[in-house]
Amino acid sequence: MRLAAAVLILVGLAAWPFIYDQPFYVHMGVMMGLWVALALSMNLMLRIGQLSFAHGAFMGLGAYASALATMRLGIPFPIAFLSGGLAAASVAALVGPIFLRIRGVYFALLTFAFGEVVVLTFVEWVEVFGGNNGLFGIPKPSLFGLQMTSRPAFYLFALTFAVLSFIAVRAIYNSQFGAVITSIDDNEMLTRSIGIDAPRYRLAAFCFSAALAGWSGAFYAHYLTFISPEAFGFWTPVNMVVINVLGGIASPWGPVVGALLLVPLPEILRDAKEYQVLSYGILLMIFLLFLPDGLVGLARRWRGRWRAARSAEGRSAAGLEQGKREKRAAA
Amino acid sequence: MTAPWPAVLPHCCAGRHMLLAQILSNGLMTGLVYVLMALGFTLIFGVMRIVNFAHGELYMLGGFATLILFGNLGWNYYLTVVVAAFGVGLFGVLLQSLLLKHFIGRELSGMIMALAIAITLQAGANIIFGPEEQSVPRPVTGVLDLGAAVVPYDRLVVGGFTLVILAAFWFFLQFTRWGLAMRAVTQDSEMAAVQGVRPGFIHPLAFGIGSLLAGGAGALMAPIYTIYSYMGELPMLKAFVVVILGGLGSIPGAVLGGLLLGLVESFFATMYSTTVATMIGFALVIVILIFRPRGLLGRTA
């Protein structure tokens with residue numbers, strides 16, 4: 001029943017642009033897919049309890065790696081795209097063992113400085129990265145000589161990418177690996193005391209998160225066919241965080257819900273970019289103060305209350321408790 | 001990326017020692033402003049354990065206060081700086097008691113809340129004042145020729161003001177009961193609370209003083225650079241770098257780190273370019289965080 005519903009929804013999601021081919025809406029669908037993946041990559045970092053400002057840089061590394069691989073080396077798109085994520089992941093694997101020794105505030109500031117250095121490198125190393133102008137004419141994706149040019153085709157690619165990212169992240173959280181990284185955030189000492197090599201798990205989560213950001217970057221590059229360093233600065237990871245906070249950090253559904261709600265906002269407020277940023281800030285404050293579990297947390301709480309009210313010992317406190325338990329179980 | 005903070009260009013570079021003197025004086029002048037920014041930032045972190053991502057926006061508010069009071073209403077410049085600093089300080093007290101109060105001891109949410117405040121203030125300023133860069137006339141013009149180095153008078157005013165503020169701040173911390181309470185909270189907030197230091201009073205006070213320093217810095221620098229909604233981003237970056245150099249929460253560290261960064265940047269900006277100088281700053285941060293995560297003067301955990 002649930003599987004059937006999921007398949008039906010997916011088919012609907014995949015089919016609509018071919019029936020209703022409005023460039024504006026299809027473009028928005030593509031951007032939603034991109035941001036779902038980006039927000040999921042940040043969700044992994046928040047899951048290990050670290051705020052990373054390096055994710056704009058990881059996205060940029062993936063974008064430039066894939067773009068340069070196709071433009072300068074003539075590598076076919078699928079391999080270049082994969083190498084985008086791998087490039088970001090290898091940089092993460094290189095810096096991760098050192099960076100992850102540092103926690104909390106210091107980690108946030110360290111990744112911030114790292115992100116700035118990477119972006120400054122994109123700006124300054126003009127021969128390779130094209131400086132502030134960035135790279136133009138990045139080829140559209142192609143498979144076996146067929147070039148992907150139509151917008152609905154791009155949308156399908158974005159949808160597949162987002163769904164695969166979601167399935168991967170959810171599988172990670174539901175696996176033993178996910179249980180370990182959650183327990184590391186809860187109590188690292190206790191986790192290590194039962195013989196778990198916590199740093200290795202954190203490194204693995206960091207690298208996968210970077211890879212996801214890198215692939216998103218590669219997708220972004222080949223979709224827009226143009227990239228410049230400013231797209232990978234400070235505000236990119238901030239947007240990923242905003243999406244996570246609004247959707248809810250505790251579950252992989254959070255980034256999905258957050259992206260679906262927030263991505264259309266800039267398009268609706270296109271003529272007034274300041275109001276878009278303002279609404280981001282105010283929404284963020286409201287959610288942090290009143291809805292710290294995000295929309296998904298709110299939905300879970302309501303569902304918990306509803307079930308508790310139906311059940312024999314229905315008391316409101318039980319609903320809250322059940323909501324919490326469900327959150328743990330589902331997350 | 002915003003453009004790097006422009007360094008004062010050396011006017012006379014007759015000899016090697018003259019170049020060095022110019023680098024030193026430029027570095028000191030910039031460094032003093034870095035100290036002003038970093039002190040508030042580090043005080044807020046030390047007392048409340050909150051990384052104030054909105055620190056640059058408080059600097060920006062100081063700039064806009066100068067635009068209105070000095071630029072539009074024609075107030076006396078020095079009075080403007082004082083009023084702007086205290087105004088931003090009061091605003092900081094408000095921010096703390098309304099918004100940030102709820103996030104003490106919650107590092108991750110606290111950082112995100114500060115980010116939210118930064119975003120909101122920046123967008124708000126953009127809506128109210130428009131995206132154009134605006135400027136106010138310089139209150140003083142001309143340069144002081146020391147022979148070996150040339151210092152513009154307006155930078156000298158900034159330097160002098162900064163020294164006065166630093167002295168007052170140091171006196172406050174060392175010789176007043178509130179200052180003592182603040183130092184106690186920085187060292188151990190629980191023990192300080194046991195001794196009767198009320199966090200409900202010290203936290204807004206610390207945030208207010210930190211905001212005052214940032215607002216004052218913004219008001220001081222407003223005539224030298226242009227005033228616009230993103231003007232706080234770069235000074236906040238510098239404050240980050242400085243407090244990490246000196247150690248988050250360490251007051252002597254902020255002074256040492258600020259002057260050090262000013263001098264290092266001045267050297268690399270004169271010898272190479274401002275971008276190289278910025279890169280060096282961030283590279284320093286990464287190296288220090290890796291080898292001495294608590295900074296040069298930070299306490300060990």
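Here the structure is a predicted model, which means the values were calculated and not measured.

Asker: So what exactly am I meant to see when it comes to the interface of chain B and chain A here?
Answerer: Where interface size is given, it is often the accessible area lost as the parts come together that is meant. Facing 38 residues of chain B, the contacting portion of chain A comprises 40 residues. Across the interface of chain B and chain A, roughly 3,700 Å² is buried in total on both sides, 86% from carbon and sulfur atoms. The interface formed by chain B and chain A includes zero salt bridges. Scanning the region where chain B abuts chain A turns up zero residue pairs in polar contact (both at pLDDT 80 or more).

Asker: Which parts of the structure should I look at to understand the pattern of salt bridges?
Answerer: For side chains of opposite charge, pairing can occur when their charged atoms come near one another. Residue and element names in this part refer to chain B. Summed over all chains, the structure comprises two salt bridges over all chains. Asp 154 is the salt-bridge partner of Arg 138, the closest N and O atoms lying 2.5 Å from each other. A residue pair is termed long-range when its members are at least 10 positions apart, and Arg 138 in the loop between α4 (107–129) and β1 (143–145) and Asp 154 in helix α5 (residues 153–175) qualify at 16 residues. Using a relative accessible area of 42% as the deciding quantity, one classes Arg 138 as partly exposed. For Lys 238, the salt bridge identified is with Glu 265, shortest N-O distance 2.7 Å. With a gap of 27 residues between them, Lys 238 in helix α9 (residues 233–246) and Glu 265 in helix α10 (residues 251–271) connect regions that are remote in the sequence.

Asker: Mind showing me how you'd approach helix α11 (residues 274–291) of chain B here?
Answerer: Each full turn of the α-helix corresponds to 3.6 residues, which orients residues three or four apart in the same direction. With 18 residues, α11(B) ought to run about 26 Å at 1.5 Å a step, and its terminal C-alpha atoms sit 26 Å apart, in line with that. Looking only at α11(B), the buried set comprises Thr275(B), Ala277(B), Thr278(B), Gly281(B), Phe282(B), Val285(B), Ile286(B), Ile288(B), Leu289(B) and Ile290(B). Of the surrounding secondary structure, the elements contacted by the buried residues of α11(B) are α4 (77–99) and α5 (104–124) of chain A together with α9 and α10 of chain B.

Asker: For this particular structure, what's the right way to read the confidence of the model for chain A?
Answerer: Close reading of the predicted structure is inappropriate where its pLDDT is low. Residue and element names in this part refer to chain A. The predicted model of chain A has a mean per-residue pLDDT of 85, with 92% of residues at 70 or higher. Mean pLDDT in chain A bottoms out at helix α16 (residues 316–330), which sits at 47, and peaks at helix α3 (residues 55–71), which reaches 94. Counting contacts from residues 313–327, a segment whose pLDDT is below 50, to residues more than four positions away or on other chains yields 20 contacts.

Asker: Is there a simple way to think about unusual backbone geometry in this case?
Answerer: A positive phi angle is found at Thr225(A), which is not glycine, with a value near 60°. Note on placement: Thr225(A) falls in the loop between α10 (198–224) and α11 (235–247). Judged by relative accessible area, Thr225(A) falls into the partly exposed class, the value being 21%. A positive phi angle, near 60°, is found at Arg49(B), a position not held by glycine. Within the fold, Arg49(B) resides in the loop between α1 (16–48) and α2 (55–72). Owing to a relative accessible area of 35%, Arg49(B) belongs among the partly exposed residues under this scheme.

Asker: What am I meant to see in the packing of α2(B) against helix α8 (residues 199–221) of chain B here?
Answerer: How two helices sit against one another is set out by the angle between their axes and by the gap between those axes. All names here are of chain B. Packing of α2 against α8 brings their axes to within 7 Å, and their N-to-C directions diverge by 50°. Taken together, the axes of α2 and α8 lie oblique to each other. The hand of the α2/α8 crossing is right-handed. Between α2, through His 55, Leu 58, Tyr 59, Gly 62, Gly 63 and Thr 66, and α8, the contact on the second element is made entirely by Gly 210, Ser 211, Ala 214, Gly 215, Ala 217, Gly 218, Ala 219 and Met 221. Broken down by class, the residue content of the contact of α2 with α8 amounts to six nonpolar, eight polar and no charged.

Asker: Whenever I open this one, the packing of aromatic side chains confuses me. Can you help?
Answerer: Two aromatic rings are characterised by how far apart their centres lie and by the angle between their planes. All names here are of chain A. Throughout the structure, instances matching the rule amount to 43 aromatic pairs over all chains. Seen from their ring centres, Phe 58 and Phe 114 are 6.1 Å apart, and the 45° between their planes marks the pair as tilted. Of this pair, Phe 58 sits in helix α3 while Phe 114 is found in helix α5, placing the two residues 56 residues apart along the sequence. Relative accessible area serves as the criterion here: at 10%, Phe 114 is assigned to the buried category. Pairing Tyr 64 with Phe 129 gives two aromatic rings, centres 5.1 Å apart and planes at 85°, and the pair type is edge-to-face.

Asker: Explain the domain arrangement of chain A to me, please; I cannot follow it from the model alone.
Answerer: Residue and element names in this part refer to chain A. When the domains of chain A are assigned, the result is domain 1 (19–292) and domain 2 (295–331). Centre-to-centre separation of domain 1 and domain 2, based on C-alpha positions: 31 Å. On the side of domain 2, 10 residues touch domain 1, which itself brings 15 residues to the contact. The junction of domain 1 with domain 2 conceals about 850 Å² of combined surface from both sides, 60% of it contributed by carbon and sulfur atoms. Of all residues in domain 1, the largest losses of buried area upon contact with domain 2 belong to Ala 250, Ser 251 and Leu 291, amounting jointly to 34% of the total for that side. Our count for the domain 1 to domain 2 interface comes out at zero salt bridges. Counting the contacts that link domain 1 with domain 2 gives three residue pairs in polar contact (both at pLDDT 80 or more). When contributions to the side of domain 1 that touches domain 2 are tallied by element, the ones reaching two or more residues are α7 (151–174), α11 and α12 (253–262). For the side of domain 1 that touches domain 2, the residue count by class is eight nonpolar, five polar and two charged.

Asker: Is there a simple way to think about the packing of α7(A) against α10(A) in this case?
Answerer: All names here are of chain A. Two numbers describe how α7 lies on α10: the axes approach to 12 Å, and their chain directions differ by 175°. It follows that α7 is roughly antiparallel to α10 by the angle criterion. Residues Arg 151, Phe 154, Phe 157, Ala 158, Phe 161, Ser 165, Ala 168, Val 169 and Ile 172 of α7 touch α10, and the partners they reach there are Phe 208, Leu 212, Trp 215, Ser 216, Phe 219, His 222 and Tyr 223. Per-class residue counts for the contact of α7 with α10 are 12 nonpolar, three polar and one charged.

Thresholds applied
- Residues numbered from 1 in each chain as written.
- Chains lettered and ligands numbered in written order.
- Predicted model: local features only at pLDDT ≥ 70, side-chain atom pairs only at ≥ 80, totals over all residues.
- Heavy atoms only, no water.
- Contact = heavy atoms within 4.5 Å.
- Buried area = accessible area lost by both parts, 1.4 Å probe.
- Salt bridge = Lys/Arg side-chain N within 4 Å of Asp/Glu carboxyl O.
- Polar contact = N/O pair within 3.5 Å; in protein donor to acceptor, adjacent residues only side chain to side chain.
- Helix = DSSP H or I, 4+ residues; strand = E, 2+ residues; numbered from the N terminus.
- Buried < 20%, exposed > 50% of the residue type's maximum accessible area, 1.4 Å probe, protein only.
- Expected span 1.5 Å × (residues − 1).
- pLDDT = per-residue confidence, 0-100.
- Axes fitted to C-alpha atoms, helices over the stretch in contact; angles between N-to-C directions.
- Parallel < 35°, antiparallel > 145°, perpendicular 65-115°, else oblique.
- Left-handed = near helix turned anticlockwise from the far one by under 90°.
- Nonpolar A, V, L, I, M, F, W, Y, C, P; charged D, E, K, R; others polar.
- Phe/Tyr/Trp six-rings, centres within 6.5 Å; stacked < 30°, edge-to-face > 60°.
- Domains from an automatic or database assignment.

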